[in-house]
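Residue-level structure breakdown
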Amino acid sequence: MLSVTIICVGKLKERYLTDACAEYAKRLSAFCKLTITELPESRLPDSPSDAEIEKALEKEGEMILSKIPKDAYVIPMCIEGRMISSPDLSEMLIRVPLSGKNRIVFIIGSSCGLSDTVKARGDFRLSISPMTFPHQLARVMLLEQVYRGFMIAAGNKYHK
């Protein structure tokens, strides 16, 4: 069974978001082994300098990279990533295991984004939208799209 890991910087605080994630995790259990790894977000002052942000991203990046298995197909979620359709994501979920990798790792950074080293580790950079969303909501959106991708692959009508 395919292993799907979502590495997230920051914790979900609102119950409606944790409930949504739990629902999609339950649904995904039929298709993959899902793991969600939450890492602490670096503390920054109210008006951080570029250097402070860069230092925080590097610290978070080191934590993220330490959690990625060597044999994983890595997908950092970032604004400069490529936007793809739900059927294209479904195809990726099918294609990656056929290429010999049985682990897919999605990475959602903090509100400041991801370090360049994490982005460089990625096999495919993915963007959800050109719009900006809270990174907590991005987790729910990603889980829904991964679920949708598996449902498309299974020929289910959920996608319609």
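Description of the structure in this document. (Residues numbered from 1 in each chain as written. Predicted model: local features only at pLDDT ≥ 70, side-chain atom pairs only at ≥ 80, totals over all residues. Heavy atoms only, no water.)

**Brief notes about the packing of helix α1 (residues 15-28) against helix α5 (residues 135-153)**
Running from N to C, α1 and α5 cross one another at 20°; their axes reach a closest spacing of 9 Å. Taken together, α1 and α5 sit at an angle that is classed as roughly parallel. At the point where α1 passes α5, the crossing takes the left-handed sense. Contacts from L17, A20, C21, Y24, R27 and L28 of α1 reach α5 at Q136, L137, R139, V140, L143, E144, V146, Y147 and F150. (Axes fitted to C-alpha atoms, helices over the stretch in contact; angles between N-to-C directions. Helix = DSSP H or I, 4+ residues; strand = E, 2+ residues; numbered from the N terminus. Parallel < 35°, antiparallel > 145°, perpendicular 65-115°, else oblique. Left-handed = near helix turned anticlockwise from the far one by under 90°. Contact = heavy atoms within 4.5 Å.)

**Structural notes on the packing of helix α3 (residues 86-98) against α5**
Relative to each other, α3 and α5 sit at 75°, their axes nearing to 8 Å. Classified by the angle between their axes, α3 and α5 sit roughly perpendicular to one another. Touching S86, P87, L89, S90, L93 and I94 of α3 are Q145, V146, R148, G149, F150, I152 and A153, all from α5. Its residues assigned to classes, the contact of α3 with α5 comprises 8 nonpolar, 4 polar and 1 charged. (Nonpolar A, V, L, I, M, F, W, Y, C, P; charged D, E, K, R; others polar.)

**Considerations on the pairing of strand β3 (residues 73-82)**
Across the 10 residues of β3, 7 count as buried, placing the element largely inside the fold. Looking at chain direction, β3 and strand β4 (residues 103-108) are connected through 5 bridges and run parallel. In the sheet register, I75 faces β4, and the bridge partner there is F106. One crossover worth recording links β3 to the parallel β4 by way of α3, and it is right-handed. (Buried < 20%, exposed > 50% of the residue type's maximum accessible area, 1.4 Å probe, protein only. Pairing = 2+ DSSP bridges. Right-handed = clockwise from strand over helix to strand, strands pointing away.)

**Remarks on the pattern of salt bridges**
Tallied over the full model, the rule gives 9 salt bridges. A single salt-bridge network, built from bridges that share partners, covers K11, E38 and R139. (Salt bridge = Lys/Arg side-chain N within 4 Å of Asp/Glu carboxyl O.)

**Some thoughts on the environment of L12**
By secondary structure assignment, the location of L12 is in the loop between β1 (3-9) and α1. The exposure class assigned to L12 is buried, which follows from its relative accessible area of 14%. In contact with L12, not counting residues within four places along its chain, are L17, T18, C21, E38, Q136 and R139.

**A short note on the sheet that holds strand β2 (residues 33-39)**
If you walk across this open sheet you meet the 4 strands as β2-β1-β4-β3, and the pairing is parallel. Strands at the two margins of the open sheet, each flanked by one partner only, are β2 and β3. Pairs of neighbouring strands in the sheet enclose a mean axial angle of 20°, with direction left out of account. Here β1 runs beside β4; their pairing, made up of 6 bridges, is parallel. Its bridge partner lying in β4, V4 is registered against I104. Where helix α2 (residues 50-66) meets the sheet, its contacts fall on β1, β2 and β4, and the angle it forms with β1 comes to roughly 160°. Packed on one face of the sheet, α3 meets β3 and β4 and runs near 155° to β3.

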